[in-house]
Amino acid sequence: MADIYTSKEDEATISDILFKGLRVKAPKWTVLRLALAHSLKMPSAPDVDLERGVAGGGEYDLQQVSGENQGRSSAGQQQDYTDAICGLLSVHANQDLFANKAEFRLHLQRHIRRGLREFRRGWREGHDFYQFLYQELCAAAERETGQKESDFAALLIDALREIAVQGEIIAAQNGPRITRYQIRLEDPNHLDRVRRGLEKIAFTLGLQKQGVFLAETGMPKIIGLDVPRPRSTWHSVTCQQLLGWIDKEAAETVGLPLWPGVSVTGEPVSFDLSQQPHLLVAGTTGSGKSICLHSLLISLLVAVPGDRLNLLLIDPKKVEFAPYGKANSKRIEVITDIFAASSRLAKLVEEMEARTSILERAGVRDLAEGRRKGLLTLPYIVVFVEELADLVMQAPEAEEHLIRLAQKARASGIHLILATQRPDARTLNGLLRSNIPSRIALTVQKATESKIILDETGAERLTGSGDMLVRLSGQTIIRLHGVLVTQDDSAAVLRGEGRN
Ligand SMILES: Nc1ncnc2c1ncn2[C@@H]1O[C@H](COP(=O)(O)OP(=O)(O)OP(=O)(O)O)[C@@H](O)[C@H]1O
Ligand SMILES: [Mg+2]
């Protein structure tokens, strides 16, 4: 009997990583060990469901995963890490797993399978797997505290001097990934030099593609410079935090509140989708679009009562929204087939027309007013599209339906959230774009893409992984760090949803 079981899907991930990611000849358990390390970095406990559904997958024994009974190598190197791993898992689970070997194996399996699942999610073929691993597992602390921090401040002053700006740092505030340096300029006329010199400052600081952003402080002569710190010092914004914000504001919650993340200095930011009224989420592959969509979905599912909201999730990639489809919730509909999605959107256009007549008869301007006055009980409908390009390239009529909805659906309480990797003219018809005034830009490759999404450059200088620039209709652009929603987080919310 084996000690650890994996599913068929896990096995596919393992071979993808070996052959397309690591591209070295290595045994399969190498990937299992990486997956274990990855899972142990996550503070939450892995889902117990990870014991089930493993028929037809792979089988491994402890000797392969932890080097059990391997003793030392001929070079005298320790090879058996079973006790060390059991210790780590015991601490993680807050339970003595040395006393119960079967339980230890179960925990080990859950962690390995969660790690594999996270690889599946986070790494895509075509992305550099080593870069992914570096970022995920072993980013070394380069600049952390004390003396080094003051060296960095001196470097920043030097960088300013190089663009002929004199100033002194009067405060430094650490956000989740950025330090905001408040700098008093000797000559306020130098503000323009700073604005034009941001790229040079980033270059002098050795930040490569990540940029330094100028922030307003609201104080005379004082500017803020937002400088990204090394990844090892970042704090993720967790789903737990998101649930806390929703809890706190639950009483005042109206419309369709979304909490996409926190500001550069760490304060939660929320907005009401029903006021926007549609949203485009765009960014390069791996920039965090899907995770952003999950945070928006969780915001709605948790904050909006069941009878006030229906969700239509269109997922041509067939992966991201799969768990929502299995949740057994009456208010969630998941469609993965492109042509089924297109005809569902056609029906939605009809529904919109029908709702428009209902609003007219009730004598109200929009659904919100009708609900407020107790005249209407219709639910809001929010449509999520995961990868707009896949949908509109294969089903051009779907694009026409989306345009109709974007133009007219606002009053009837139907709202769109469209995500795409390719924010170009082919994916994003001008009419569609102009009717979706609110935008979230995650990291993009080129300044021109940032312009397409936001009408401004900047998104090409973000730090990746859920770092975003958000433009809500009629407002100035704000920068947010997104909530990191894991599959376990979605699963936990959906378990509650299934009971509704
Ligand atoms: N808010 C976040 N905080 C920390 N890390 C994040 C965040 N959002 C995304 N990431 C990291 O980036 C990885 C990729 O995210 P995601 O799958 O959402 O990208 P994507 O833009 O949907 O990519 P693709 O276009 O290939 O589907 C995640 O697995 C995670 O490691
Ligand atoms: Mg995605």
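Residues numbered from 1 in each chain as written. Chains lettered and ligands numbered in written order. Predicted model: local features only at pLDDT ≥ 70, side-chain atom pairs only at ≥ 80, totals over all residues. Heavy atoms only, no water.

Caption draft 1: Molecular detail of the site of ligand 1. Around ligand 1 sit 20 residues, and of these T285, G286, K289, S290 and Q421 come closest. At a separation of 2.7 Å, an oxygen atom of ligand 1 approaches a polar side-chain atom of T285. Separating an oxygen atom of ligand 1 from a backbone N or O atom of G286 is a distance of 2.8 Å. Out of a free accessible area of 640 Å², ligand 1 has 92% covered by protein chains. Residue classes in the shell around ligand 1 are distributed as 3 nonpolar, 11 polar and 6 charged. Counting contributing residues, the shell around ligand 1 receives three or more from each of domain 1 (4-138) and domain 3 (237-498). (Near = heavy atom within 4 Å. Polar contact = N/O pair within 3.5 Å; in protein donor to acceptor, adjacent residues only side chain to side chain. Areas by Shrake-Rupley, 256 points an atom, 1.4 Å probe, with all protein chains shown as cover. Nonpolar A, V, L, I, M, F, W, Y, C, P; charged D, E, K, R; others polar. Domains from an automatic or database assignment.)

Caption draft 2: Local environment of the nonpolar core. Formed by 49 residues in total, the largest nonpolar core has its most connected members in L311, F384 and I417. Ranked by residues supplied to this core, first place goes to helix α10 (residues 289-303) with 8 residues. Here F384 is in contact with L293, L296, L297, L300, L311, L312, L313, I314, F321 and I417, once residues within four sequence places are set aside. If you look at the next biggest cluster of nonpolar residues, it comprises 29 residues, including L348, I381, A395 and L428. (Core = buried A, V, L, I, M, F, W, Y, C linked by side-chain atoms within 4.5 Å. Buried < 20%, exposed > 50% of the residue type's maximum accessible area, 1.4 Å probe, protein only. Helix = DSSP H or I, 4+ residues; strand = E, 2+ residues; numbered from the N terminus. Contact = heavy atoms within 4.5 Å.)

Caption draft 3: Region of interest: the packing of aromatic side chains. This structure, assessed with the given rule, holds 4 aromatic pairs. Ring geometry for F119 versus F129: centroids 5.8 Å apart, planes at 80°, classification edge-to-face. You can see F119 sitting in helix α5 (residues 101-122) and its partner F129 sitting in helix α6 (residues 129-138), a full 10 residues away along the chain. As far as burial versus exposure is concerned, F119 and F129 are alike and both buried. Among the aromatic residues, those joined into a ring-pair cluster are F321, Y324 and F384. Over the ring of F213 we find R461; its NZ or CZ atom is 4.6 Å from the centre of that ring. Against the face of F213 rests R479, its NZ or CZ located 4.4 Å from the ring centre. (Phe/Tyr/Trp six-rings, centres within 6.5 Å; stacked < 30°, edge-to-face > 60°. Lys NZ or Arg CZ within 6 Å of the ring centre and 35° of its normal.)

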